[in-house]
Amino acid sequence: MAGWIWFRCLFGPKLQRIHRSPDQNRPEARTARRQGWTYQPKSLEKHTDSILGWASVLWSLGYYSSPLLLCYLYRKGYFCSSKLIPVSQYVGTVLVCLLGIACLRGLGRWRNQEYLQFVSILEETRKNHTHSNKKKLACYDFNFSHWPTDFSWTEVSSPKQSQGGVSLLKPEPRHRGSADSVLSSVRTLPCHIISYLIAHSFGRRMLYPGSVGLLQKAMRPVLQQGQARLVEEFEGQRNKLVACDGNEIDTMFVDHRRDGGERGKTLVICCEGNAGFYEVGCMNTPLEGGYSVLGWNHPGFGGSTGVPFPQNEANAMDVVIQFAVHKLGFKLKDIIVYAWSIGGFTASWAVMSYPEIRAVILDASFDDLLPLALKVMPDSWRPLVTHTVRQYMNLNNAEQLCKYQGPVLLIRRTKDEIITTTGPEDVMSNRGNDLLLKLLQFRYPKVMNEEGVRAVREWLGATSQLEEASVYSHYEVDDDWCTSVLQSYQTDRETFFPWSVGEDMTPEGRRQLALFLARKYMRNFDSTHCTPLPISEFQLPWRL
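In what follows, the accompanying structure is described.

Conventions adopted
Residues numbered from 1 in each chain as written. Predicted model: local features only at pLDDT ≥ 70, side-chain atom pairs only at ≥ 80, totals over all residues. Heavy atoms only, no water. Helix = DSSP H or I, 4+ residues; strand = E, 2+ residues; numbered from the N terminus. Buried < 20%, exposed > 50% of the residue type's maximum accessible area, 1.4 Å probe, protein only. Pairing = 2+ DSSP bridges. Phe/Tyr/Trp six-rings, centres within 6.5 Å; stacked < 30°, edge-to-face > 60°. Lys NZ or Arg CZ within 6 Å of the ring centre and 35° of its normal. Disulfide = S-S within 2.5 Å. Contact = heavy atoms within 4.5 Å. Axes fitted to C-alpha atoms, helices over the stretch in contact; angles between N-to-C directions.

### Some details on unusual backbone geometry
Between Phe497 and Pro498 the backbone carries a cis peptide bond, its omega angle lying at 5 degrees. Turning to its location among the elements, Pro498 is positioned in the loop between α19 (479–492) and α20 (507–521). Unusually for a residue other than glycine, Glu235 sits at a positive phi of about 55 degrees. Along the chain, Glu235 falls in the loop between α9 (213–232) and β5 (237–242). Owing to a relative accessible area of 37%, Glu235 belongs among the partly exposed residues under this scheme. Phi at Ser341 takes a positive value of approximately 60 degrees, unusual for a residue other than glycine. Tracing the backbone shows Ser341 in the loop between β9 (335–340) and α12 (344–353). Overall, Ser341 belongs to the buried group, its relative accessible area being 5%.

See below:
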């Protein structure tokens with residue numbers, strides 16, 4: 001028995017924090033303040049853990065620098081039998097030493113009563129995943145790969161899911177004759193190979209730097225602090241979801257329904273940016289507003305597994321929505337999707353695929369990845385960048401958003417330095433402008449003719465509230481008249497977009513309506529890209 005316990009300690013997860021004692025799950029202890037503490041390992045476990053941690057860092061550095069390292073070793077002549085044998089012996093000795101250190105760490109854990117209690121609860125939960133055992137296990141913060149599965153895509157039957165993944169919008173194929181197609185495929189084969197290598201090496205890591213292991217190691221103290229805050233202050237519930245591609249998705253749910261307010265009955269699903277984690281990300285904004293909130297980490301971020309390619313991102317978003325509906329008990333009409341930056345892709349996919357969702361809010365997002373990718377790459381790479389983005393990283397937010405019929409709110413950062421094509425000083429280069437224009441041109445094509453677009457662009461060029469008001473008053477926009485026109489159209493006709501409202505309207509009327517709609521669909525926030533959105537700026541989208 002003692003040997004079995006030591007074995008579990010040897011291969012058990014690293015324990016980081018105890019949010020509360022498991023005894024506080026008893027009825028008499030529920031009134032106690034939920035105050036957690038950092039797990040304190042004994043001396044033996046502490047020192048061996050430090051050595052293994054540094055070994056992990058060195059392994060990560062070697063992995064990311066392996067191309068340069070291999071070239072260096074090749075030039076020094078290490079790739080020959082006379083030198084490979086000593087090197088392999090040295091590597092073997094290091095591995096044996098690390099194994100011995102791991103065994104000593106297991107011994108240190110075995111001598112720690114807190115760890116023994118934790119590992120026994122973990123084993124009991126794996127054998128019998130009851131609600132009571134899950135509550136006890138939730139008292140601990142540990143390596144998420146050891147966390148039992150709470151929900152899987154196989155538990156529900158969804159036509160959007162399959163073993164290969166959910167459906168995405170694909171770029172339009174170019175139609176050619178069969179002979180031309182074969183010749184073109186042969187001619188572009190090197191480009192396809194290079195695109196694949198770029199996308200699966202530095203391209204993906206440039207697009208999603210949060211998936212880089214070294215960055216996550218550096219941010220680990222901050223993430224653990226954020227995790228503790230969500231669990232101990234907001235009574236957050238951590239869950240592991242399994243998507244249809246097999247990736248495990250790390251989620252955090254804060255339930256405010258029991259508070260009795262209307263906001264608590266609404267669930268806000270948050271989609272983070274390319275270096276954002278739910279522990280310290282945008283889910284804090286709706287939390288402050290009293291909403292129920294469900295945050296999740298991209299594949300490859302935090303406790304989530306996989307890599308954040310568009311297909312994996314959509315698969316993850318799908319299982320998050322299924323979990324919210326079938327496990328948490330929310331209806332689609334009570335769900336709002338809130339996204340920051342690159343999270344606009346999964347948010348727009350969600351409302352496109354689940355049109356019953358109540359509304360979507362996109363903060364500091366963009367219409368299409370391609371213009372932003374071309375901005376940071378040399379002009380000579382344009383064909384290669386275009387092919388790589390469209391084939392492997394096609395974040396087509398505007399195209400997906402136009403498929404949604406519900407309320408939309410876009411938040412533009414007027415000092416955004418990330419999603420601009422020229423710089424933060426030029427507000428007209430913000431790709432949020434293009435997202436707004438594409439959405440309005442799809443929904444109100446008769447209003448957004450050349451004159452309407454010109455008026456909206458003039459409004460978008462305003463850099464302050466005073467300038468916005470000046471443009472609005474210059475065109476003498478009458479809000480009451482615009483509202484009555486739209487309500488009259490909605491009453492008399494089908495309400496599915498695109499609308500033909502404005503077809504028989506004067507140019508002055510179209511300009512008024514265009515500006516009215518632009519101000520309803522977009523709000524300006526005078527800030528940079530990464531500034532947390534205050535709750536005062538978090539408002540529900542306009543609904544006619």
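### Overview of the pairing of strand β8 (residues 292–296)
In regular strands, side chains alternate between the two faces of the sheet. Taken across its five residues, β8 has five buried, putting it largely inside the fold. Bridge count between strand β6 (residues 248–254) and β8: four bridges; the pairing is antiparallel. The partner of Thr251 across the bridge, within β8, is Trp296. As paired strands, strand β7 (residues 267–271) and β8 are joined by four bridges and run parallel to one another. Across the sheet, the residue bridging to Leu267 is Ser292, located in β8.

### A few points about the packing of aromatic side chains
Applying the stated criterion to the full structure yields 21 aromatic pairs. Judged by centre distance (5.3 Å) and plane angle (20 degrees), the ring pair of Phe142 and Trp147 falls under stacked. When sorted by exposure, Phe142 lands in the same class as Trp147, which is buried. Look at Tyr444 and Phe497: their rings are 5.5 Å apart centre to centre, the planes differ by 75 degrees, and that puts the pair in the edge-to-face class. Here Phe497 lies in the loop between α19 and α20 and Tyr444 lies in the loop between α16 (431–443) and α17 (450–460), a separation of 53 residues in the sequence. In this structure, Tyr444 and Phe497 share a single accessibility class: buried. Chaining the aromatic ring pairs together yields one cluster made of Tyr39, Tyr115, Phe118, Tyr140, Phe142, Phe144 and Trp147. Above the plane of the ring of Phe144 lies Lys240, whose end atom (NZ or CZ) is 5.4 Å from the centre. Between the NZ or CZ atom of Arg519 and the centre of the ring of Tyr472, over which it lies, the distance is 3.8 Å.

### Concerning the state of the cysteines
A full pass over the atoms with the stated rule returns zero disulfides. No disulfide involves Cys97; its nearest neighbouring cysteine sulfur is the one of Cys103, lying 12 Å away. When its relative accessible area of 27% is taken as the criterion, Cys103 is described as partly exposed.

### What to know about the environment of Leu99
Positionally, Leu99 belongs in helix α4 (residues 81–110). Sequence separation between Leu99 and Thr495 is 396 residues; the distance between their C-alpha atoms is 66 Å.

### Here's the deal with the sheet that holds strand β1 (residues 15–18)
Spatial strand order, β2-β1-β3: three strands in an open sheet with antiparallel pairing. The sheet is open, and its two edges are formed by β2 (37–38) and β3 (140–142), each paired on a single side. Packing of helix α5 (residues 113–127) onto the sheet brings it into contact with β1, β2 and β3, and relative to β3 it is tilted by some 85 degrees. Together, β1 and β3 form the strand contacts of α9, whose direction differs from that of β1 by roughly 35 degrees.

### Things to note about the sheet that holds β5
Each strand in a sheet pairs with its neighbour through backbone hydrogen bonds, running either in the same direction (parallel) or in the opposite one (antiparallel). Spatially, the nine strands line up as an open sheet ordered β4-β5-β6-β8-β7-β9-β10-β11-β12, and their pairing is mixed. In this open sheet, the two edge strands, each paired with only one partner strand, are β4 (151–152) and β12 (522–525). For strand β11 (residues 408–413) and β12, the ladder comprises four bridges, and the chain directions are parallel. For Ile411, the partnering residue across the bridge sits in β12 and is Arg523.

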